[in-house]
Each structure stands twice: as C-alpha cells, then as structure tokens.
Amino acid sequence: MIRDQETLNLLLDTISRFVRERLIPHEAIVADADRIPDELIQEMRELGLFGLSIPEEHGGMGLTMEEEVLATFEIGYTSPCFRSLFATNNGIGGQGIIIDGSDAQKAHYLPKLATGEIIGSFALTEPDSGSDAASLRTTAVRDGDFYVLNGTKRYITNAPEAGIFTVMARTDPTKKSADGISAFIVEAGTPGLSLGPIDKKMGQKGAHICDVIFEDCRIPAANLIGGKEGVGFKTAMKVLDKGRINIAAVSVGVARRMLDDALRYACERKQFGKPIAEFQLVQAMLADSKAELYAAQCMVVDAARRRDQGLDVGTEAACAKMFASEMCGRVADRAVQVFGGAGYLAEYGIERFYRDVRLFRIFEGTTQIQQLVIARNMIREHT
Ligand code: COS
C-alpha cells in the first residue's frame, strides 16, 4: 500500500543514489577487509535505513510492506552484506518486538533500533535445530523475577555487532513441541552471554555470524516478549513470514544488478567480430533471466500488498522466497556464464555475487522448507 507516492519516490531515489555513489564503489574493499567502514554505517543511520519498517511513533519510517520491498529492490542493487547490517533491525531482529512485544518493550527498544544505535539479532537456530526449528533445546527457567537461559544458538546474523537478541527458548521442558517455546529480548553484555569466534563463510564478506552461548544467563522476566509464555514459536514464524518476503525482494534487487552487469558485458565483449550480445545463445540467457526476474518482482509486490491488507501470507511469502531466491541463483549462474573466463575472476566482481546469493536459498528457511510450507497450507485448505 503506497501511502504517499511523492515521498516514496524521493526515498527510493535517495537510496538508489546512495547505493550507486557510496556502496558500489566500496564493494570490493568491504569484501577484502570483511568489514563495512564506520563512515558508511553512519551514513546508513543518517538515511534512516535502520528504521525503514519500524513504526513512526517509535522513531522509524513506518514503511508499509509494499513500500519496504520497493526500497529493498534498490538496496539489493549492491553487495547484500550492506543490507544485512541494517536488515535485522527492520526484519528478524526487530519484528518480534513490533509484532508481539508489549508497549513497554516497544517504547524501550524500538527507538534505539530505528536509529541504528543498537543492532537487533534473531537467535532461533541451534547446533541440532535448523529446519526443524521447534526442536530447539535452549532452556529458559523462571527464577523469581528472572529467567535463566542455557543453550547455544548457531549461525546468528549480526551477533558480533548486536545490542539485543530475540531469543527463542524452551520454557516448558515437558512440552517437546512448538508450544513449549517462548521468545525473549536479551541484551548483549548480560553476564552468562558469550559469543563464539566469527565464522568464515562462502560469501557476504562484511556481514558477520557467530555462535551465541548462554550459560546461566539471567535476564529480567520483563524481557519475555509480550509477557506471555508458550507463544514464542508463533512469534518466530510470523517474523519469518515477513522476513521471507524481504529475502525475496533482495533476491530481485541483486538479480537486477547481475543481469545489468551481464548485459553491459555482453554488449561490450566482442567475439567472432561482433558483440556476444548478438549471438542468440547469449540472448537466450539474457531473456530467460529477464522474464524470471520480472515474474519474481511481481510475486514479491503481490505478497507485500496482501500482507498490507492484513491477509495471512504464509503461503505467498514462501512462494515468493522460494521462487525469487532460486531465480537469483539461476541469474547468477548465467551472469557468470555470459562473462565467461572473466566471470571466474575476482576482478570483475560477478563471482562475488555468485557466492553471495547462494545464501538466499538457505537462510530464513531453505527452498525445501518453503516447499513444505506451501504444500502443507494447500492440503490444509483443501481438507
Ligand atoms: N504464523 C503463525 N503461526 C504459525 C505459522 C505462521 N507462519 N507457522 C506455524 N505456526 C503455528 C502453527 O499454527 C502451530 O500452532 P498450533 O499448534 O496452535 O496449531 C505452531 O506454530 C507449530 O506449527 P507447525 O506444527 O507447522 O510446526 P512444525 O514443527 O511442523 O514446523 C516449519 C514448521 C517446518 C515450517 C518451521 O519449523 C520452519 O519454518 N522451519 C524453518 C526455520 C527457519 O526458517 N529457520 C531459519 C532461521 S532464521 S535465519
């Protein structure tokens, strides 16, 4: 739902200019250093990127889902590590509080997330619990006005930078299923909370993940999200429904970039006496990519509009995430192919995108989990 087209256009133009003038020139530098320079992070804060989807009353821009995916298309036109830094505040690291948090939790944490003063992180996955999220083992035992957390979370995006974590933990050990799980806000620096070393990854250098370890970590009972035990798994799933639309949107953004780069290269590179873009087999790769990209873009906008209408978008979010992330992988593969030998060299940057986008088909639910969600919902609606 676009509320004010003129203001939105201004925002999208500003983001697009920032991406082209500031982020694209830093792509290789950030990948080499595995670090985003502080001045760029400060510029992101000043542009309001940490608070795109945080409600205006708490200091954010309060974008609707449709407005947010349009912004993500623009942000996606560069290395995804840049978006990764502020995306958890708008997405999985902030949405638990936005969707199910109490008024006091919102008032306390959202303004700091919106400005980027703190980074929010989402701690669901564990060493033995990934796709089967409901099997998580981290425990939270009530002790007076506190909960005591024990367990380990794995592959936690932005954990090294985080100021707060949304942590899913089991409050009822007698229930092995989803309804024994609760969601908490845990502040970095709480005694008993420690971080593992930063993991080395295939791509997305500059974005960091690590283990988050809880050893008798005492947190105030007031940090139970929404003050309600047993609904933390549902909070996580609602957060992921929104997150999946955003991963689909960034898949579209990065695919647009890779296809533009491949098209430019195909028009410049000459073989057999003419630009390779004039050869039909190269044209087929460009055309297939364009059509699939357009389809994914339409899906993302449609899923976002439905969410803005208050509809349940579990199926549409999974469809969009699955299709757009798989599309992005195919576009990446074809882009490397169009570049040929140059596609394999770091110098041209396209191999970096090829590695970066591989993650889209895995995190916030693998393609296979999206298939399972879609089919389950279809069967449920049929019976
Ligand atoms: N919104 C609200 N509630 C939801 C929901 C959603 N999208 N999806 C499930 N729920 C609810 C269900 O309705 C059910 O509640 P009731 O028992 O009251 O009916 C409860 O949550 C448990 O759901 P379900 O039985 O479907 O859970 P499963 O253990 O079978 O697992 C999947 C569901 C596989 C879909 C889930 O574990 C999942 O998404 N896994 C992937 C995790 C993931 O994305 N990890 C990435 C980490 S973040 S980068």
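Residues numbered from 1 in each chain as written. Predicted model: local features only at pLDDT ≥ 70, side-chain atom pairs only at ≥ 80, totals over all residues. Heavy atoms only, no water.

1. Focus: the pattern of salt bridges
The following threshold applies: Each reported salt bridge corresponds to a side-chain nitrogen of Lys or Arg within 4 Å of a carboxyl oxygen of Asp or Glu. Only DSSP runs of H or I covering at least 4 residues are called helices, and only runs of E covering at least 2 are called strands; the numbering of each starts at the N terminus. When a residue's accessible area, from a 1.4 Å probe over protein chains only, is under 20% of the maximum for its type it is buried; when over 50% it is exposed; and in between it is partly exposed.
If you walk through the whole model with that rule in mind, you get 22 salt bridges. Residue Arg 218 is joined to Asp 143 by a salt bridge in which the shortest nitrogen-to-oxygen separation is 2.8 Å. Taken as a pair, Arg 218 in strand 7 (residues 209–220) and Asp 143 in strand 2 (residues 139–143) lie far apart in primary sequence, 75 residues in all. We classify Asp 143 as partly exposed; its relative accessible area is 39%. Ionic pairing is found between Lys 175 and Asp 172, a salt bridge with its closest N-O pair at 3.7 Å. Lys 175 gets classed as partly exposed once you look at its relative accessible area, which sits at 36%. Take Asp 172: its relative accessible area is 22%, and that puts it in the partly exposed class.

2. Observations concerning the domain arrangement of the chain
To keep it simple, the criterion reads: Residue ranges labeled as domains rest on an automatic or database domain assignment. Any two residues whose heavy atoms approach within 4.5 Å are treated as being in contact. Buried area: the accessible area, evaluated with a 1.4 Å probe, that two parts lose upon being put together, summed over both parts.
According to the domain assignment, the chain consists of domain 1 (5–115), domain 2 (120–230) and domain 3 (234–382). Each of domain 2 and domain 3 has a C-alpha centre, and the two are 30 Å apart. The interface is formed by eight residues belonging to domain 2 together with ten residues belonging to domain 3. Together domain 2 and domain 3 conceal approximately 830 Å² of surface at their shared face, both sides included; 71% is due to carbon and sulfur atoms. It is Phe 122, Met 202 and Gln 204 that lose the most area in domain 2 upon contact with domain 3, and together they represent 55% of the buried surface on that side.

3. What to know about the site of the ligand
Where we set the bar: By convention in these notes, a residue is near a molecule or strand provided one of its non-hydrogen atoms lies within 4 Å of it. Whenever two N or O atoms come within 3.5 Å, that pair is a polar contact, provided that in protein one can donate a hydrogen and the other can accept it, and provided that, for residues adjacent in sequence, both atoms are side-chain atoms. Lys, Arg, Asp and Glu make up the charged group, whereas Ala, Val, Leu, Ile, Met, Phe, Trp, Tyr, Cys and Pro make up the nonpolar group; the residues left over, Gly among them, are polar.
In the region of the ligand, 19 residues are neighbours, and Ser 131, Lys 234, Asp 241, Arg 244 and Arg 376 sit closest. One nitrogen or oxygen atom from the main chain of Gly 365 is found 3.0 Å from an oxygen atom belonging to the ligand. Within the side chain of Arg 376, an N or O atom sits 2.7 Å from an oxygen atom of the ligand. Mapped onto the shell around the ligand, the elements with two or more residues apiece are helix 8 (232–268) and helix 12 (367–382). When residues in the shell around the ligand are grouped by element, the largest group, seven residues, is from helix 8. Residue composition of the shell around the ligand, grouped by class: nine nonpolar, four polar and six charged. Here the shell around the ligand spans two domains, since at least three of its residues come from each of domain 2 (120–230) and domain 3 (234–382).

4. Section: helix 1 (residues 5–23)
Since one α-helical turn is 3.6 residues long, residues separated by three or four positions face the same way. To keep things clear, this is the line we draw: Given the number of residues in a helix, its expected span is that number minus one, multiplied by 1.5 Å. Regarding the arc, it is the one traced by the directions from the helix axis to the C-beta atoms.
Look at helix 1: 25 Å from first C-alpha to last across 19 residues, which is about the 27 Å you get at 1.5 Å a residue. What helix 1 keeps buried is the set Leu 8, Leu 11, Leu 12, Ile 15, Ser 16, Phe 18, Val 19 and Leu 23. Down the axis of helix 1, the sector holding all buried residues measures 160°, keeping them to one side. Facing away from the buried side of helix 1 by over 90 degrees, the exposed positions are Glu 6, Leu 10 and Glu 21. Buried residues along helix 1 sit in contact with helix 2 (27–33), helix 3 (38–47), helix 4 (65–75) and helix 5 (80–90).

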